[in-house]
Amino acid sequence: MSCPLYLFTGPEFGLRNEAIDAVKKTLKKQFGSLDEYLFYLMETPLSEAMMSVQGGSLFSDANCVVVKGAELLKKKDDIEYLAKWIESEPPESNTLILVSDEISCDSKLEKIVPPENRKKFYELYDNKKVPWILSYFSKNGYSIEQDAAQTILDMVENNTQAMKDECSRFFVLFKPDHEITVEDVEKVLANNREENAFTLFNKMATSTESPQKTLEEALVILQKIRLSKENSSVVIFAGLASCFRKLQTWHKMMQANPYADDFEKKKNGFTGSLMQAQYQKAAQKWTAGQTLAVLANISAADMEIRSTGTAVEDLVMQRTIYEIVIKKGGTSGTYEE
């Protein structure tokens, strides 16, 4: 009997999501109907998510629970809980998929997941990205200039899911006989770019403006995110926390080897030149100690919203961005302009 526990890690969301969908497709083929659940460990304890895994369903033949933020699973009790669940030989119909944006999770957690159910999803190497976009357009019956493909890469997140989402816009706006140009890309993506926690982090990390101007621009992005479908504070905080944990990895890598080469950077999850440049700039904005303080602020803000309710959600989120940009992780009793 196959083990119903999976661990998918790494920043390549597109391929990672395809792997999750493949597991679900197999379950549907094997059992018929399937109930699907999604939890974030930043807001839901593992024990609560496991109730959905073990409880089964009154209306479906199988259930699949996806838990994001697996890098947070470090407590001995949580690891033992999962180990005992696996030892009990649960049925495949009750499947748990642990997901993390990080390359690796706690070693004790990884050990209890069968090797065939563990997979790391690395971002495409830089020399593979333009060919990927050219191929994606071609598969959908479209053509695009090579310079236009590079322009798309300069304007979207560094993963195939974001690339698919942005490229798909052109299939709606243009006819197949039109070759997509640089001008087309700038016109479409500049006006329709969707903001998220990762673009918010990028703005805060790479802005060359003054801290006050950077804060102003970051709050505008936050407002756009709040008006989008991914407007939950949990999702936004989880994304920001993921970015700052990655910044922690960068600091540790550079402290161990200040002259880390491209191979060393890629081994630590910084696969593309754009990402490497982003985190190099981020490390200049926040020291290792400040990065730790920022993570503590994000966690505290998340707990505050959960304990006080959504009435203060926007205020707490704005204050947190202010503390990240202006206070470098320090706390503030009152908001300052």
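These remarks concern the structure in this document. Computed from a predicted model, the values in this text were never measured in an experiment. Per chain, the residues get numbers from 1 upward, laid out in the order the sequence is written. Reporting of local features is limited, given that this is a predicted model, to residues whose pLDDT is at least 70; pairs of side-chain atoms are given and counted only at 80 or more, and all residues count toward the totals for whole chains, interfaces and linings. Processing note: side-chain calculations cover all non-hydrogen atoms of the structure and skip hydrogens and water entirely.

1. Points about unusual backbone geometry
The condition is simple: Only DSSP runs of H or I covering at least 4 residues are called helices, and only runs of E covering at least 2 are called strands; the numbering of each starts at the N terminus. Type-normalised accessible area, obtained with a 1.4 Å probe on protein chains alone, sets the label of each residue: buried when under 20%, exposed when over 50%, and partly exposed for intermediate values.
One non-glycine residue, Glu89, adopts positive backbone phi at about 55 degrees. Following the sequence through the fold, Glu89 ends up in the loop between helix H3 (76–87) and strand S4 (94–100). With a phi close to 55 degrees, Lys328 is a non-glycine residue in the positive phi region. Within the secondary structure, Lys328 sits in the segment after helix H15 (313–325). For Lys328, a relative accessible area of 24% puts it in the partly exposed group.

2. A few points about the sheet that holds strand S2 (residues 34–40)
Which entries qualify depends on this criterion: Being paired, for any two strands, means DSSP has found at least two bridges between them. Note on geometry: axes are lines fitted to C-alpha atoms, helical ones only across the stretch in contact, with angles between N-to-C directions running from 0 to 180 degrees.
As summarised here, the arrangement of the five strands in space is S2-S3-S4-S1-S5, forming an open sheet in which the pairing is parallel. This sheet does not close on itself; its edge strands, each paired only once, are S2 and strand S5 (118–120). Across the sheet, the mean angle separating the axes of adjacent strands is 15 degrees when strand polarity is ignored. When S2 meets strand S3 (residues 62–68), the two strands line up parallel, connected through seven bridges. Paired with Tyr40 across the strands is Lys68, a residue of S3.

3. Let's talk about the environment of Ser93
Selection rule: For this analysis, residues touch if any pair of their heavy atoms sits within 4.5 Å.
Here Ser93 lies in the loop between H3 and S4. Discounting chain neighbours no more than four positions away, the residues touching Ser93 are Phe31, Asp61, Ala62 and Asn63.

4. Remarks on the pattern of salt bridges
Note the following rule: A carboxyl oxygen of Asp or Glu within 4 Å of a side-chain nitrogen of Lys or Arg is what we treat as a salt bridge.
Here the structure, examined in full by the defined rule, presents 18 salt bridges. For Arg245, the salt bridge goes to Glu71, with nearest N and O atoms at 2.3 Å. Remark: Glu71 occurs in the loop between S3 and H3 and Arg245 occurs in helix H11 (residues 233–256); sequence separation between them is 174 residues. The class of Arg245 is buried, set by a relative accessible area of 15%. Classification of Glu71 by relative accessible area gives buried; the value is 9%. Salt bridges linked by common partners bring Lys24, Lys28 and Glu36 together as one network.

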